[in-house]
Amino acid sequence: MPKDIVHIFDTTLRDGEQVPGCKLDTKNKLIIAEQLEALGVDVIEAGFPISSPGDFKSVVEISKLIKNTTVCGLTRAVKKDIDIAADALKYAKRPRIHTGIGTSPMHIKYKFNSDKDKIILRATEAVSYAKSKVEDIEFYAEDAGRTDNEFLAKICEAVIKAGATVLNIPDTTGYCLPEEYGSKIKFLKENVSGVDKVTLSCHCHNDLGLATANSISGALNGARQIECTINGIGERAGNTSLEEVVMIMRQHPNLNIDTAINSQLLNSISQLVSESMAMPVQPNKAIVGANAFSHSSGIHQDGVIKHRETYEIIDPKDVGVNESTILLTARSGRAALAYRAKIIGINLDKRQLDKVYKTFLTFADKNKEVSDKDIPEIVKKSNL
Ligand code: KIV
Ligand code: ZN
């Protein structure tokens, strides 16, 4: 059965770039945008054009550069924002305006000092106005995670009538549980008239570490776009990690959903984003962390050397990592030492290995990690 395609909306250059102290200049944004297109994302959110002249310029230049991918610009539900976004997107082959407004009681009361009817009016006016500029309009209901489902359905229905093509349901504060977020999407699928004509989109933040789980839950309940960033970067605890949602769908074919992402480029784009933003990736980060395919304990190493899949569910080559790493530390066993010695041309029989292993443990206890260049020295000291 052919799988349903879930579109990947990458917001590394907009929501991702909201990380404190990590501003990217236009040149770096262009390099990343080009790689995002090569990676196969469906939408690149290039920036928030009204926010600064630099961001405006980046959206213009990305629009000129990108060949097939949709290029999107963020706005508030404000005419001036929409005018400027439309202007910034004028060279895009496939432009999208992403406009919206807060819909939760918290946002309506404290941000807007408004009421539900006025919020619906502002939302529909913004969508209609944006529609007079470009065809593809995504509407975001900010803080949808804490918005009651009936009101959310009402505003969704109204913006569909006003011309929205995509409905973004953000869990802006990362509050929802996976089941709850999935049910929200299901509720909208079942209760919004016209929902079949539009795409529902998940936009989840990671304040409770649930962004990936919530996005997958949304997709399993009918959303067909996921908004995410490379390495999960973003304000506070970040956004949904692109690499995680993509690989969850790949590793679980029975879910019957997939993306158009070329996963072999995941590792290189992760490094590119990390270096451009001077934001190191945590070593234990799923898929792209330095330790994601390295094994340091004796039991695991022995298993991986015998058969990689004993301790790895992803072939590292599938995400652009050459091979699994067998690290030599004081927790390593004989199998790992023999394996690494053999790679550098030192073949040890059982008796020799026993002797070298003793010397190795003494050395490893003193040093965090044992490198290939230490091995000949350890062998020498073992007086074979
Ligand atoms: O988290 C959020 O609600 C957002 C919107 C502006 C789309 O980033
Ligand atoms: Zn966001």
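Rules used in this analysis
Residues numbered from 1 in each chain as written. Chains lettered and ligands numbered in written order. Predicted model: local features only at pLDDT ≥ 70, side-chain atom pairs only at ≥ 80, totals over all residues. Heavy atoms only, no water. Donors = N, O, S within 2.8 Å, 3.2 Å for Na, K, Ca; no water. Buried < 20%, exposed > 50% of the residue type's maximum accessible area, 1.4 Å probe, protein only. Near = heavy atom within 4 Å. Polar contact = N/O pair within 3.5 Å; in protein donor to acceptor, adjacent residues only side chain to side chain. Areas by Shrake-Rupley, 256 points an atom, 1.4 Å probe, with all protein chains shown as cover. Helix = DSSP H or I, 4+ residues; strand = E, 2+ residues; numbered from the N terminus. Nonpolar A, V, L, I, M, F, W, Y, C, P; charged D, E, K, R; others polar. Contact = heavy atoms within 4.5 Å. Pairing = 2+ DSSP bridges. Right-handed = clockwise from strand over helix to strand, strands pointing away. Domains from an automatic or database assignment. Buried area = accessible area lost by both parts, 1.4 Å probe. Salt bridge = Lys/Arg side-chain N within 4 Å of Asp/Glu carboxyl O. Axes fitted to C-alpha atoms, helices over the stretch in contact; angles between N-to-C directions. Left-handed = near helix turned anticlockwise from the far one by under 90°.

Our next topic: the coordination of the zinc ion (ligand 2). Distances from the zinc ion (ligand 2) to its protein donors, namely Asp-15 (OD), His-203 (NE2) and His-205 (NE2), fall within the range 2.0 to 2.1 Å. Spacing between the donor residues of the zinc ion (ligand 2) along their common chain follows D-x187-H-x1-H. Each member of the pair His-203 and His-205 is classed as buried.

For the rest of this paragraph, the subject is the site of ligand 1. Close contacts around ligand 1 come from Arg-14, Asp-15, His-98, Tyr-140, Glu-142, Asn-168, Pro-170, Thr-172, His-203 and His-205, and that covers them all. One of the side-chain nitrogen or oxygen atoms of Thr-172 is found 2.7 Å away from an oxygen atom of ligand 1. Expressed as a share of its isolated accessible area of 260 Å², the protein-covered part of ligand 1 is 93%. Those elements giving two or more residues to the shell around ligand 1 turn out to be strand S6 (136–142) and strand S7 (166–171). Its residues placed into classes, the shell around ligand 1 shows 2 nonpolar, 5 polar and 3 charged.

Further remarks concern the side chain of Ser-63. Mapped onto the secondary structure, Ser-63 falls in helix H2 (residues 53–65). At 2.7 Å, the side chain of Ser-63 and the backbone oxygen of Val-59 are in polar contact. Apart from residues no more than four positions distant in its own chain, Ser-63 is found in contact with Val-71, Ala-88, Leu-89, Tyr-91, Ala-92 and Lys-93.

The next thing to look at is the pairing of S6. With respect to burial, S6 is a largely interior element, 6 of its 7 residues being buried. The pairing of strand S5 (residues 95–102) with S6 spans 7 bridges and is parallel. Its bridge partner lying in S6, Ile-101 is registered against Ala-141. Between S6 and its parallel partner S7, the chain crosses via helix H6 (residues 149–161), and the hand of that crossover is right-handed.

A separate point is helix H10 (residues 266–276). Looking at H10, one finds that the buried residues are Leu-266, Asn-267, Ile-269, Ser-270, Val-273, Ser-274 and Ser-276. Looking one or two residues past H10, Ala-278 carries a phi angle of roughly 50 degrees, positive in sign.

Further remarks concern the domain arrangement of the protein chain. The domain boundaries assigned to the protein chain delineate domain 1 (4–277) and domain 2 (294–381). Each of domain 1 and domain 2 was reduced to a C-alpha centroid, and the two centroids are 44 Å apart. Listed as interface residues are 6 residues of domain 1 and, on the opposing side, 7 residues of domain 2. Summing both partners gives a buried area of about 530 Å² for domain 1 against domain 2, and 52% of it is carried by carbon and sulfur. The interface formed by domain 1 and domain 2 holds 0 salt bridges in total. Scanning the region where domain 1 abuts domain 2 turns up 4 residue pairs in polar contact (both at pLDDT 80 or more). Each residue belonging to the side of domain 1 that touches domain 2 can be placed in one class, and the counts come to 2 nonpolar, 4 polar and no charged.

Next up on the list: the packing of helix H7 (residues 178–191) against helix H8 (residues 211–220). Put simply, H7 and H8 touch, their axes get as near as 8 Å, and they point 30 degrees apart. The two elements H7 and H8 meet at a crossing, and its hand is right-handed. Facing Pro-178, Glu-179, Tyr-181, Gly-182 and Ile-185 of H7, the residues of H8 in contact are Ala-213, Asn-214, Ser-217 and Gly-218. Its residues assigned to classes, the contact of H7 with H8 comprises 4 nonpolar, 4 polar and 1 charged.

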